[in-house]
Amino acid sequence: MLDIISGKTNIYGIIGHPVTHSLSPLMQNAAIKACQLESVYVPFDVKPENLQDAVNGLRCLGIRGFNVTIPHKTDIIQYLDCLDPSADAAGAVNTVLNSNGHLTGFNTDGNGLLKSLAEDLDFIPENSTVVMIGAGGAARGAVAALCCNGAKKIVIINRTIKKAHELSNIFSKNYPSTVFECCSPDEGVTEFMFSADLLLNCSSVGMKNESFPYLDFTGVSKDLKVYDMIYSPQFTPLLIEAAKNNFRFSNGLGMLAGQGELAFEIWNGFLPPLGLMKKTLASICIA
Ligand code: NAP
C-alpha cells in the first residue's frame, strides 16, 4: 500500500460477516506494498441480507477485486456474471475479479491447499488415499482440488453422515476414477487410517482445542502426513497427537497464504514475492 491514496488508487477488499478477524488485509497489503502497487485492500462487513446490494455496489464502485468469506461463499454465486471452473467445481467462490463491471468468481481455496500440502508436507494428491474429516464448505473445496489432481481414494468422516454422502455423491459422478467412502466417527475409522497417505482435518474441530477421541494411531504407518486447515491455535490437539506419533504435520497457515497469493495473481497478473504472505501471517499468528 502506498502512503498516499489518490484518485488512481485501485481498491481491493474482502466481504464477510463478521470480517474484523480476517487476516487477508494484512497479507494482501503487505504484498501490495512489497510490489509498490498503487492499490489498497480493505475489509467490508456485509450482512447476509445485504449481499446482493453490496455486490452491485462493489461492481459499480469499480472495486477491482475482492475475496469472499463466511457466510457468503455459496450465496454470492447467483449475483456474479460467470464462474471460473475452479469455483464451478468447488460450488463456492472466495475470489472475485471485476473487469469493467463484469464479475467472475474463482475459488483459490482448493489450489491454496494443494500449494501448502506440496510446500509444507511434500504431499502430491496423485494416486493418494486421503482420509478427511468434515463435509462443509472447506471440505468441498478440498475434495474438488484432490479429485482434479488424481487422488485415488477419499474417505470422508463427518459428524452428520448425510452431508458426507452428499459430498461424495456430487463428486463421484464427475470423477469416476476417485473411489469414495463415507464413515461416521463411531463407525470404525481406524481401519481407514492404515492405508491413508494423508489425514486432512477440514472441520472446525480443534479451533477451541477439541480433540478427536475416535482417532487411534496405534500401528499406523509413520509415513502418514497430517494436515489441519485450522491455523489458530497454531497447534491443535490433532497436530500435537501427530507430533507425538512422529508424523509429518502442518497447520492451515500455508493454505491461507496460498489462497491469498493465487487471488493476488488473478487481480494483478503475477504472484507476490515468494513466501511473503506466509511470513506476514506467521508473524502475528503465534497463538
Ligand atoms: P463449515 O462449512 O461450517 O463446516 C464445518 C464442518 O465442521 C462440518 O463438517 C461440521 O460437521 C464440522 N463440525 C463443526 N463442529 C463440530 C463438532 N463439534 N463436532 C464434529 N464436527 C463438527 O466450515 P468450513 O468453511 O468448512 O470451515 C471448516 C474449518 O476449516 C474451519 O476451522 C475453518 O477455519 C477452516 N478453514 C481454513 C482455511 C485456511 O485457509 N486455512 C480455509 C477455509 C476453512 P457437521 O456437518 O456435522 O455440522
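Residues numbered from 1 in each chain as written. Predicted model: local features only at pLDDT ≥ 70, side-chain atom pairs only at ≥ 80, totals over all residues. Heavy atoms only, no water.

Taken together, 21 residues sit near the ligand, with Ala138, Asn158, Arg159, Thr160 and Met229 positioned nearest. Between the ligand and Ser204, the relevant distance is 3.2 Å, taken from an oxygen atom to a main-chain nitrogen or oxygen of the residue. Between the ligand and the protein, one listed contact pairs an oxygen atom with a backbone N or O atom of Leu256 at 3.4 Å. Considering the ligand on its own, with 920 Å² of exposed area, one finds that the protein chains cover 74% of that surface. Elements with a minimum of two residues in the shell around the ligand: helix 5 (137-148) and helix 9 (253-268). Classifying every residue of the shell around the ligand gives 11 nonpolar, eight polar and two charged. (Near = heavy atom within 4 Å. Polar contact = N/O pair within 3.5 Å; in protein donor to acceptor, adjacent residues only side chain to side chain. Areas by Shrake-Rupley, 256 points an atom, 1.4 Å probe, with all protein chains shown as cover. Helix = DSSP H or I, 4+ residues; strand = E, 2+ residues; numbered from the N terminus. Nonpolar A, V, L, I, M, F, W, Y, C, P; charged D, E, K, R; others polar.)

Before going further, it helps to examine the side chain of Asn107. Along the chain, the position of Asn107 falls in the loop between strand 6 (102-106) and helix 4 (109-121). Under the relative-accessibility criterion, Asn107 is labelled buried at 7%. Within the structure, Asn107 has its side chain in polar contact with the backbone oxygen of Ala92 (distance 3.0 Å). At 2.8 Å, the side chain of Asn107 and the backbone nitrogen of Asp109 are in polar contact. Filtering out sequence-adjacent residues up to four positions away, Asn107 remains in contact with Ser86, Ala87, Ala90, Ala92, Val93 and Asn94. (Buried < 20%, exposed > 50% of the residue type's maximum accessible area, 1.4 Å probe, protein only. Contact = heavy atoms within 4.5 Å.)

Across all of its chains, the model carries six aromatic pairs by this definition. Aromatic side chains Tyr41 and Trp267 sit 6.1 Å apart centroid to centroid with 45 degrees between the ring planes, which places their arrangement in the tilted category. Residue Tyr41 is found in strand 2 (residues 39-45), and its partner Trp267 is found in helix 9; the two are separated by 226 residues along the sequence. Of the two residues, Tyr41 and Trp267, both sit in the buried class. (Phe/Tyr/Trp six-rings, centres within 6.5 Å; stacked < 30°, edge-to-face > 60°.)

Glancing now at unusual backbone geometry. Here the amide bond leading from His17 into Pro18 is cis, since omega sits at 0 degrees, within 30 degrees of zero. Here Pro18 lies in the loop between strand 1 (10-16) and helix 1 (24-34). Here the residue pair Ile70 and Pro71 is connected by a cis peptide bond, since its omega of 10 degrees sits within 30 degrees of zero. Mapped onto the secondary structure, Pro71 falls in the loop between strand 3 (65-68) and strand 4 (82-83). Residues other than glycine seldom take positive phi values, yet Asp122 does so here, at roughly 55 degrees. Considering the arrangement of structural elements, one finds Asp122 in the loop between helix 4 and strand 7 (129-133). Here the phi dihedral of Asn127 falls at roughly 60 degrees; this positive angle occurs in a residue that is not glycine.

Moving on, we get to the sheet that holds strand 4. Consider a sheet: its strands pair through backbone hydrogen bonds, and that pairing is either parallel or antiparallel. Taken in spatial order, the six strands line up as 2-1-3-5-6-4 in an open sheet, and their pairing is mixed. With one partner strand each, in any of the chains shown, strand 2 and strand 4 form the two edges of the open sheet. Relative to strand 3, strand 1 runs parallel, the two being bridged by four bridges. Counted as the bridge partner of Ile14 is Asn67 from strand 3. Across the face of the sheet, helix 1 comes into contact with strand 1, strand 2 and strand 3 while running at roughly 170 degrees to strand 2. Across the sheet, helix 9 lies against strand 1, strand 2, strand 3, strand 5 (95-99) and strand 6, angled at about 10 degrees from strand 5, the strand it touches most. (Pairing = 2+ DSSP bridges. Axes fitted to C-alpha atoms, helices over the stretch in contact; angles between N-to-C directions.)

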